[in-house]
Amino acid sequence: MSAPTRTARPRPERGNRGGGRMSRLLGPAQSLSLHTVSIIVGLIIVVPIAFALLGGFKDNRQLSNSPFGLPSPWIPENYLEILGSGSFWRQLFNSTLIALATAVIVVGVAALASFVFARYAFRGREMLFLFFTIGLMFPFAVAILPLFILLRTMGLLDNPLGVILPQAAFGLPVTIIILRSFFRAIPGELEESAILDGCTPFGFFWRILLPMARPAIATVSVLAIVASWNNFMLPLVVFNDPNWWTIPVGVQEFQGQYADDSAKVLAYVVLAMVPALAFYSIAERQLIGGLTAGATKG
Amino acid sequence: MDRNLRRRRISDRITIGLFMLPALVLFGVLVVVPILVAAYTSLFRWNGFGGLPTDFIGLDNFVRLLDDPVFIGDLRRGALLVVLSVTVQLPLALGLALLLNQKLRGRAVYRVLFFAPYVLSEVITAVLFDMVFSQNRGLANHVLRLVGLEGLSSTWLSDPSTVLYSVFLVMTWKYFGFHMILLLAGRQNIPRELHEAAATDGAGGWQIFRHVTLPLLAPTIRISMFLAVIGSIQLFDLVWVLTGGGPLNASETMAVTMFQYGFRRFEVGYASAISIAMFLISLTFAVLYQRFILRRDLEGAMTTMGDQR
């Protein structure tokens, strides 16, 4: 970033146009008010989370007397108890397994389809693409009942595939849209020369296209993982057996079970947030890139 | 025809078919078929057990919908959430997007921070705010007491007159960052020269916003609005965990009503009718929006391209 060179607002004078960036320097008052707004909004985000974090270190009497003060004394039992219980780790494992499997399937299947959409002209292509993009608007809520009945018939209740496969299916539209636009940007000459060198279409796809598309693959994988991680309705109806509960189902059940023990529920909420926030801090760029690409290229 | 060319064409066909097959099967079996099945079962009175539904009642479930005060209430509450999202949440997101586009120390931190709630699942957010709004141990009333606004303290989630607004507060907390990021990306796509030119011509801050930023940001705003409306129509997780739709259905949404009937009361036929209604409402909105509002973006894009030549 270049340092600002002018100290006054650019005046309308000749010879001042074009060239370098406009250094719109803010007056101190304006800058102060911008900071104030940002800090207030930041506090509105942080305070509930800090309330939960501190609340987890209190007992319920402390929580009633001072919902937001520092705990005195600090009571780590709530956190320790949850970390020592098998069910929290079990849910973490289930959520991770289901999210990774969903991402692998949806990205693999969508990449094959996007490759065809991006690089082959055939009759009905646009109709078919439209068919998938309309799917963007189907939430689980619309299809959950028949999906439940279908999964029951197929014996996939209390089976991770009963969540993984539908999640992959519902994730196809956005994944195909993003990957197609990315595959289109890869020059056609590359494919021609690969084919001339004796590469099969799948060989080109697997050995050249996918490695080149690594950033886009990372982006759609992150989107799929986050969507799976946060999914609630489907695991809620598919998993009756607590051994298969994912984090969101586990949090909700925990809240029901410990309705009177607010401090413990807060501790659970905080621990359940940690993996999501950690993943966000690692994959922030891909996540934001994917959302903005998905929204503007739709 | 050249033999090679013909062979090439056949092999292309095979490639297209093989590559497309997994997506078609997955999408067809698990997305399209369920929606068709929902349309079919919505024509029956059915508790969801046994093989196929047999008690055909035609459109009676849909007629019943129009007479069901809860469903009519869902429509009203959905409309209110849509209006609130568009008039409160999006302007907030727009304001913050423009703010974070300024040179502001720490803006990268603010950006990451404002977006963070979007990453938390709806369930975690809902459980957290259930605690925040709790009457005795909750944060909200405590803060109001601290700043001397005790008169505003409320039972939040157990009062039918405030519950929907409380839900909306949580929605805003969770989703404004998402819209902010979209709008920020849109804002950064506006060429800097346009703002410079306007400033050079003597336009003030408000004039620049009104005549340069806003029109050029319009396509992003329209997409943001589209997503906010669809999201409000289909809202489920937050409400289900936060209030279950209560008290007295005061925060119930279409999806919650559907879930109640389908998985709690086993009126699967009626619940399917609600799913189909939800689907038709979203689809109609999407088609009309696409037809009358998003279309302008295409034309707009073409005219600006023309201008640049």
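For the structure itself, look to the data block above.
So, here is what we can say about the structure in this document. From a predicted model like this one, the values you see are computed outputs, not experimental measurements.

Moving on, we get to the overall build of chain A. A tally of helices and strands in chain A yields 13 helices and zero strands. Beginning at the N terminus, the succession of helices and strands in chain A can be written as α-α-α-α-α-α-α-α-α-α-α-α-α. For chain A, the proportion of its 298 residues judged to be buried stands at 51%. For chain A, the proportion of contacts with a sequence separation of at least 24, taken over those separated by at least 6, is 68%. Accessible surface, chain A as shown: approximately 14,100 Å² in total, 64% of it carbon and sulfur.

In this model, Ser72 of chain A is joined to Pro73 of chain A through a cis peptide bond whose omega is -5 degrees. Turning to its location among the elements, Pro73 of chain A is positioned in the loop between helix 2 (60-65) and helix 3 (77-84). Positive phi, normally seen in glycine, also occurs at Asp158 of chain A, with a value near 55 degrees. Structurally, Asp158 of chain A can be placed in the loop between helix 6 (140-153) and helix 7 (161-184). With a phi angle near 65 degrees, Asn249 of chain B is a residue other than glycine that sits in the positive phi range.

The next thing to look at is the interface of chain B and chain A. Contacts between chain B and chain A engage 88 residues on the former and 95 residues on the latter. For the chain B face of the interface with chain A, the top three residues by lost area are Phe19, Phe27 and Arg137 of chain B, together amounting to 10%. There are one salt bridge connecting chain B and chain A. Glu284 of chain A is paired through a salt bridge with Arg111 of chain B; the nearest N and O atoms lie 3.4 Å apart. Between chain B and chain A we count seven residue pairs in polar contact (both at pLDDT 80 or more) in total. Considering every element that reaches the side of chain B that touches chain A, the biggest residue donor is helix 1 (residues 3-41) of chain B, with 18 residues. Tallied by class, the residues present in the side of chain B that touches chain A amount to 62 nonpolar, 15 polar and eleven charged.

A few words on a nonpolar patch on the surface. Taken together, Val143, Leu146, Val147, Leu149 and Leu152 of chain B make up a surface patch of nonpolar side chains, about 470 Å² in accessible area. With relative accessibility at 55%, the residue Leu152 of chain B sits in the exposed group.

Residue and element names in this part refer to chain B. With their axes 9 Å apart at the nearest point, helix 7 (residues 163-188) and helix 9 (residues 205-233) run at an angle of 150 degrees to one another. For the element pair helix 7 / helix 9, the angle class is roughly antiparallel. Judged by the sense of rotation from one axis to the other, the crossing of helix 7 with helix 9 is right-handed. Across the interface between the two elements, Met171, Phe178, His179, Leu182, Leu183, Gly186 and Arg187 of helix 7 pack against Thr213, Leu217, Thr220, Ile221, Ser224, Leu227, Ala228 and Ser232 of helix 9. Looking at the contact of helix 7 with helix 9 residue by residue, the class counts come to eight nonpolar, six polar and one charged.

What follows deals with the side chain of Asn230 of chain A. Within the element layout of this structure, Asn230 of chain A appears in helix 10 (residues 214-230). Once residues within four sequence positions are removed from consideration, Asn230 of chain A is found in contact with Pro248 of chain A together with Tyr118, Val119, Leu120, Ser121, Glu122 and Asp237 of chain B.

Applying the stated criterion to the full structure yields 44 aromatic pairs over all chains. Ring geometry for Phe226 of chain B versus Tyr289 of chain B: centroids 5.4 Å apart, planes at 40 degrees, classification tilted. With a gap of 63 residues between them, Phe226 of chain B in helix 9 and Tyr289 of chain B in helix 12 (residues 268-308) connect regions that are remote in the sequence. Residue classification places Phe226 of chain B among the buried residues on the basis of a relative accessible area of 15%. Here Tyr289 of chain B falls in the buried class, since its relative accessible area comes to 6%. Among the aromatic residues, ring-to-ring pairing joins Phe115, Tyr120, Phe202, Phe204, Phe205 and Trp206 of chain A together with Phe19 of chain B into one connected group. For Arg265 of chain B, the ring lying beneath its charged end belongs to Tyr261 of chain B, and the centroid distance is 4.4 Å.

Turning next to the nonpolar core. Counting residues in each nonpolar core, the largest one holds 184 residues, and the members touching the most others are Phe115, Leu172, Phe183, Val251 and Leu287 of chain A together with Phe114 and Phe115 of chain B. If near-sequence neighbours (up to four positions away) are discounted, Phe115 of chain A is found in contact with Tyr120, Phe183, Glu191, Pro201, Phe204, Phe205 and Leu209 of chain A together with Phe19 of chain B. Met137 of chain A together with Phe226, Ile230 and Ala286 of chain B belong to the second-largest nonpolar core, a separate cluster that totals six residues.

On to the pattern of salt bridges. Pairing between side chains of opposite charge can happen when the charged atoms of each approach one another. Residues and elements named next belong to chain A. Across all of its chains, the model carries six salt bridges over all chains by this definition. Between Glu81 and Lys264 there is a salt bridge, with the nearest N and O atoms lying 2.6 Å from each other. One end of the pair, Glu81, is in helix 3; the other, Lys264, is in helix 13 (residues 262-297), and 183 residues separate them in sequence. Judged by relative accessible area, which is 8%, Lys264 ranks as buried. A salt bridge links Glu126 to Arg125, with the nearest nitrogen and oxygen atoms 3.2 Å apart. Classification of Glu126 as partly exposed rests on a relative accessible area of 44%.

Parameters at a glance
Per-chain numbering applies: the sequence of each chain, read as written, is numbered from 1 onward. Whichever chain is written first is A, and whichever ligand is written first is 1; the rest continue in order. Only residues with pLDDT of 70 or above have their local features reported here, since the model is predicted, and side-chain atom pairs are shown and tallied only from 80 upward, although totals for entire chains, interfaces and linings are computed over all residues. The basis for every side-chain value is the complete set of heavy atoms in the structure, and neither hydrogens nor water enter the calculation. Only DSSP runs of H or I covering at least 4 residues are called helices, and only runs of E covering at least 2 are called strands; the numbering of each starts at the N terminus. The rule is simple: take the accessible area with a 1.4 Å probe, protein chains only, and divide by the maximum for that residue type; under 20% is buried, over 50% is exposed, in between is partly exposed. For this analysis, residues touch if any pair of their heavy atoms sits within 4.5 Å. Residue-level accessible areas treat just the shown protein chains as cover; the underlying method is Shrake-Rupley with a 1.4 Å probe. The quantity reported as buried area is the accessible area (1.4 Å probe) lost by two parts once they are put together, taken as the sum for both. Salt bridge, as used here, is a side-chain nitrogen of Lys or Arg placed within 4 Å of a carboxyl oxygen of Asp or Glu. Side-chain atoms alone can form a polar contact between residues adjacent in sequence; in general such a contact is a pair of N or O atoms within 3.5 Å, and within protein one must be able to donate a hydrogen while the other accepts it. Residue polarity follows a fixed list, in which Ala, Val, Leu, Ile, Met, Phe, Trp, Tyr, Cys and Pro are nonpolar, Asp, Glu, Lys and Arg are charged, and the others, Gly among them, are polar. Every patch collects residues that have over 30% relative accessible area and no salt bridge, joining them within 9 Å if they carry like charges and within 5 Å if they are nonpolar side chains (Val, Leu, Ile, Met, Phe, Trp, Tyr). Helix axes are fitted only over the stretch in contact, all axes being lines through C-alpha atoms; the angle between N-to-C directions runs from 0 to 180 degrees. Convention used here: angles under 35 degrees read as roughly parallel, angles over 145 as roughly antiparallel, angles from 65 to 115 as roughly perpendicular, and any remaining angle as oblique. Take the far helix as your reference; a near helix turned counterclockwise from it by less than a right angle gives a left-handed crossing, and one turned clockwise gives a right-handed crossing. Centre distance within 6.5 Å is the pairing criterion for rings of Phe, Tyr and Trp, where only the six-membered ring of Trp is used; planes under 30 degrees apart are then read as stacked, over 60 as edge-to-face, and the remainder as tilted. By definition here, charges over rings are those cases where NZ of Lys or CZ of Arg is within 6 Å of the ring centre and within 35 degrees of the ring normal. The criterion is simple. A nonpolar core is a set of buried Ala, Val, Leu, Ile, Met, Phe, Trp, Tyr and Cys residues joined through side-chain atoms within 4.5 Å.

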